[in-house]
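Residues per chain, in single letters:
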Amino acid sequence: VKAHVAAVMKQVRRLQQIGANQIIVFNLRALTYTPLAKQLARKYRHHYMRSLTTMIKQYNSLLSQKINATKGGGLFDINKLDKHYLTQSISYPWYRQTFKLTQKIKPCYVNHGNYVDRQGEACSKPWQHFFYDRIHPTTFVNQLMSERLLAFIKKGRAEIYQPGSS
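Below, the structure is looked at part by part.

Reading guide: rules and limits
- Residues numbered from 1 in each chain as written.
- Predicted model: local features only at pLDDT ≥ 70, side-chain atom pairs only at ≥ 80, totals over all residues.
- Heavy atoms only, no water.
- Helix = DSSP H or I, 4+ residues; strand = E, 2+ residues; numbered from the N terminus.
- Buried < 20%, exposed > 50% of the residue type's maximum accessible area, 1.4 Å probe, protein only.
- Contact = heavy atoms within 4.5 Å.
- Areas by Shrake-Rupley, 256 points an atom, 1.4 Å probe, with all protein chains shown as cover.
- Lys, Arg positive; Asp, Glu negative; His and termini not counted.
- Charge placed at Lys NZ, Arg CZ, Asp CG, Glu CD.
- Patch = residues over 30% accessible without salt bridge, like charges linked within 9 Å, V, L, I, M, F, W, Y side chains within 5 Å.
- Salt bridge = Lys/Arg side-chain N within 4 Å of Asp/Glu carboxyl O.
- Axes fitted to C-alpha atoms, helices over the stretch in contact; angles between N-to-C directions.
- Parallel < 35°, antiparallel > 145°, perpendicular 65-115°, else oblique.
- Nonpolar A, V, L, I, M, F, W, Y, C, P; charged D, E, K, R; others polar.
- Polar contact = N/O pair within 3.5 Å; in protein donor to acceptor, adjacent residues only side chain to side chain.
- Phe/Tyr/Trp six-rings, centres within 6.5 Å; stacked < 30°, edge-to-face > 60°.
- 1 Å grid on protein atoms, 1.4 Å probe; cavity = no way out; pocket = protein on both sides within 12 Å on 5 of 7 lines; lining within 4 Å.
- Points joined across faces, edges and corners; volume = space filled by probe spheres on them.

**Some remarks on the overall build of the chain**
Stage number 1. A count of helices and strands for the chain gives 5 helices and 4 strands.
Stage number 2. Reading the chain from its N end, one meets helices and strands in the order α-β-α-α-β-α-β-β-α.
Stage number 3. When the backbone C-alpha atoms are referred to their principal axes, the chain occupies close to 45 × 45 × 30 Å.
Stage number 4. The 166 residues of the chain split such that 34% are buried.
Stage number 5. Taking all contacts inside the chain whose residues are at least 6 apart in sequence as the whole, residues at least 24 apart take part in 61%.
Stage number 6. Accessible surface, the chain as shown: approximately 10500 Å² in total, 54% of it carbon and sulfur.
Stage number 7. Of the charged side chains in the chain, 26 are positive and 7 negative; the average position of the first set lies 8 Å away from that of the second.

Spelled out as structure tokens, the structure:
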């Protein structure tokens, strides 16, 4: 964990050396909610989810400490945002319609880990799904995240994103 955070901070310093004065870093997503993590937990059993949760918490905590101590650094807490969308009832407008994010467990598209060949059809209503495949969020979830990120950037301050704040 420390080595990975150190690698991120090295890149932050490189950006600062070439003139960046405001840098936003994303922490690790809420990976324990992904269909892939749930599949691996069934396969490996022995404390897989607990170990994954611990690793994510350690990484995000250390990253937060380092970014908060960095002049011009801001942490966008994608982990909290994911948990917010995955545990709350979320409706959102899209092209004069209102959609509801209802499917938070099953992916829209099952590719069996093959990202090269087509494996079948995607679901008919991807806007209802959080996950496009076993790990990646759908376009609609990315759009929701982008709106929050834009609000975060407009604040112009280095602070941790809190769901519900704009």
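**Looking at a positive patch on the surface**
Stage number 1. Together, Lys2, Lys10, Arg13, Arg14 and Lys66 make up a positively charged patch on the protein surface.
Stage number 2. In terms of residue count, the dominant contributor to the positive patch is helix α1 (residues 2-17) (4 residues).
Stage number 3. For Lys10, the location among the structural elements is in helix α1.
Stage number 4. Overall, Lys10 belongs to the partly exposed group, its relative accessible area being 49%.

**Some thoughts on the packing of helix α2 (residues 35-44) against helix α3 (residues 48-68)**
Stage number 1. For the pair α2 and α3, interaxial distance at closest approach is 8 Å and the crossing angle is 130 degrees. The orientation of α2 relative to α3 falls into the category oblique. Of the residues in α3, those touching α2 at Ala37, Lys38, Leu40, Ala41 and Tyr44 are Tyr48, Met49 and Leu52.
Stage number 2. Of the residues in the contact of α2 with α3, the class split is 7 nonpolar, no polar and 1 charged.

**Quick look at the side chain of Asp82**
Stage number 1. Structurally, the position occupied by Asp82 is in helix α4 (residues 78-87).
Stage number 2. For Asp82, a relative accessible area of 3% corresponds to the buried category.
Stage number 3. Here the side chain of Asp82 touches Ala30 through a polar contact of 3.2 Å, landing on its backbone nitrogen.
Stage number 4. Sequence-distant contacts of Asp82, that is, excluding residues within four places in its chain, are made with Arg29, Ala30 and Phe130.

**Notes on the packing of aromatic side chains**
Any two aromatic rings considered together are summarised by their centre-to-centre distance and by the angle between their planes.
Stage number 1. Evaluation of the coordinates by the stated rule reveals 8 aromatic pairs.
Stage number 2. On the basis of an interplanar angle of 45 degrees and a centroid distance of 6.2 Å, the ring pair of Phe99 and Phe140 is categorised as tilted. In this pair, Phe99 is assigned in strand β4 (residues 97-101) and Phe140 in helix α5 (residues 139-155), connecting sequence segments 41 residues apart. Like Phe140, Phe99 is buried.

**Comments concerning the layout of surface pockets**
Stage number 1. A volume near 220 Å³ is recorded for the largest pocket.
Stage number 2. What lines the largest pocket is a set of 13 residues, among which Ile56, Lys57, Asn60, Asn79 and Lys83 lie closest to the centre.
Stage number 3. Residue assignment for the lining of the largest pocket shows that the elements contributing at least two residues are α3 and α4.
Stage number 4. If you tally residues by element for the lining of the largest pocket, the top one is α3, at 4 residues.

Just distances and angles here, no functional claims.
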